[in-house]
Amino acid sequence: MGLDNSIVGLTGPEFTFEVEKRHIRQFVQAIGDKNPLYVDEAYAAGTPYGGIIAPPTFPIAIGVEGESIDLELDQKRMLHGEQEFIYNRPIRPGDRLTCQMKVADLYEKEGRSGKMQCLVLDTEIKDENGKQVAISRTNIIYR
Amino acid sequence: MLKYNDLQEGQVLKPLVKPAVTKVQLVKYAGASGDFNPLHTDDEFAQSIGMPGVIAHGMLVMGFLGEYVMHIAGTKAEPTNFRMRFGAITRPGDEITCSAAVRNIYEEDSKQYADLEIKAEKAPGKVVGSGQATLRFF
C-alpha cells in the first residue's frame, strides 16, 4: 500500500538545536575536511564570513536530533534518493536554532520497476527571531 | 582563487581526490552526524542484510562534495543551494574523486552567481553521488 496524500503538510514538534564549536570540529574531522574556516577563529574572522561557520552538510546532524513525524513508514521500502540544502545564512557556533520537520510534498514517479512514490521531508531551521537560516530537504523514494 | 570574471560555462574545475574511506572514519561520522544505523559500522549486521560489509553514509559522500565546493568557493563566494542524488555504494577502501564543471554563470539582483555541476566517483564512471551547487559571490 502506498502513502496517502493527506500526510502532506503534517509537521513534527518544534525543537531547539544549539550549535557547538566542538560538534562542528568533530563533524569536519569525520569528513577529513581541513578547511580552517570551521575550526580556526583567527582565520575565519579575516574572511567575509567574519567568524567560524558550520560546513554545508552540517544541517543533517540537526535533522537527526529532532523528533520526526510518525508517518508509519516501512523502513525496508525507504531509500534516501536525494538531499538538498537551501541556505539563507551560514550556521555559526552559539546559534540557538528552532527546527521543525514538515512533509513538504508527495508525488508519484515512473521508475524502472514501475510507479514509485517520492516523499519530500523538510527540516526548517530558523534563528531565535524566527528568521529562516536554512532548509534541509530529504527526498525519500518509497517503493 | 575563484573569480567570477574568469569563469566560463562548461569549464572543468580541478578535482579533489579524498584519501580512501576507512571504517574508523565511518564510526567518527556516525558519532558526529548522529546517524547510528549499524549498516555503516557493524560488518555482521551489514552482512545479515545482504551487504558485503559496512558501507559509507551517503551523507559522508555529500560531505566530501561539500568540502570540495567550499574549497572551490574559498573566500570569494558562498553556497546558496547544494543538492546531491545518491548513487552507487561507497565501501571502506574506496577512494572518492570529486569533480565539477561550471554549468551556468549569471547575475541576479546585482549579485553574481555560478551553478556548478558536481559529482563524486569511486572509479571513472562509477558515480556515488551527483548534484549541483549554486555559489553567490561576495
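Residues numbered from 1 in each chain as written. Chains lettered and ligands numbered in written order. Predicted model: local features only at pLDDT ≥ 70, side-chain atom pairs only at ≥ 80, totals over all residues. Heavy atoms only, no water.

S.K.: I'm lost on the environment of K76 of chain B in this one. Help?
M.R.: All names here are of chain B. Mapped onto the secondary structure, K76 falls in the loop between α3 (58–73) and β2 (77–86). Look at K76 and you get partly exposed, because its relative accessible area is 36%. Here the alpha-carbon distance between K76 and K119, two residues 43 residues apart in the chain, equals 22 Å. (Helix = DSSP H or I, 4+ residues; strand = E, 2+ residues; numbered from the N terminus. Buried < 20%, exposed > 50% of the residue type's maximum accessible area, 1.4 Å probe, protein only.)

S.K.: Even after reading the chapter, I still don't get the UniProt feature "domain: MaoC-like" (unreviewed entry) in chain B, so can you show me in this structure?
M.R.: Mapped onto the present numbering, the UniProt feature "domain: MaoC-like" (unreviewed entry) falls on residues 11–107 of chain B. End-to-end, the C-alpha atoms of residues 11–107 of chain B are 18 Å apart, and along that stretch the chain is 34% helix and 28% strand. (UniProt positions renumbered as here; feature names shortened; annotations may be inferred.)

S.K.: So what exactly am I meant to see when it comes to the interface of chain B and chain A here?
M.R.: Taken together, the 29 residues of chain B in the interface contact 30 residues of chain A. The junction of chain B with chain A conceals about 2400 Å² of combined surface from both sides, 62% of it contributed by carbon and sulfur atoms. Between R83 of chain B and E84 of chain A there is a salt bridge, with the nearest N and O atoms lying 3.9 Å from each other. At the surface where chain B touches chain A, the tally comes to 10 residue pairs in polar contact (both at pLDDT 80 or more). (Contact = heavy atoms within 4.5 Å. Buried area = accessible area lost by both parts, 1.4 Å probe. Salt bridge = Lys/Arg side-chain N within 4 Å of Asp/Glu carboxyl O. Polar contact = N/O pair within 3.5 Å; in protein donor to acceptor, adjacent residues only side chain to side chain.)

S.K.: How should I be thinking about the pairing of strand β4 (residues 111–123) of chain B in this particular structure?
M.R.: Taken residue by residue, a regular strand's side chains alternate between the two faces of the sheet. Residues and elements named next belong to chain B. In this sheet, β4 lies alongside strand β3 (residues 97–108) in antiparallel orientation, the contact comprising 11 bridges. Across the sheet, the residue bridging to Y106 is Y113, located in β4. Linkage of β3 to β4, two consecutive antiparallel strands, is achieved through a turn of two residues, within which D109 is found at a positive phi near 50 degrees. The antiparallel hairpin formed by β4 and strand β5 (residues 126–137) contains two residues in its connecting segment, where G125 sits at a positive phi of about 85 degrees. (Pairing = 2+ DSSP bridges.)

S.K.: When you look at unusual backbone geometry in this model, what are you seeing that I'm missing?
M.R.: Apart from glycine, the bulk of residues carry a negative phi angle, and the bulk of peptide bonds sit in the trans form. Residues and elements named next belong to chain B. We note that D109 has phi near 50 degrees; this positive angle belongs to a residue other than glycine. Relative to the elements of secondary structure, D109 occurs in the loop between β3 and β4. Overall, the relative accessible area of 71% leaves D109 in the exposed class. You will see that S110, though not glycine, has its phi angle at about 60 degrees, which is positive.

S.K.: Sorry if this is basic, but what is going on with the packing of aromatic side chains here?
M.R.: Remark: the centre distance and the inter-plane angle together describe each pair of aromatic rings, the angle taken between the planes. The full count for this structure, using the stated rule, is seven aromatic pairs over all chains. Ring centres 5.3 Å apart and planes at 5 degrees place the aromatic pair Y106 of chain B and Y113 of chain B in the stacked group. Exposure remark for Y106 of chain B: the relative accessible area of 22% places this residue in the partly exposed category. Y113 of chain B sits in the buried class, given a relative accessible area of 11%. Members of the aromatic cluster, each reached through a chain of ring pairs, are F17, F27 and F58 of chain A together with Y29 of chain B. (Phe/Tyr/Trp six-rings, centres within 6.5 Å; stacked < 30°, edge-to-face > 60°.)

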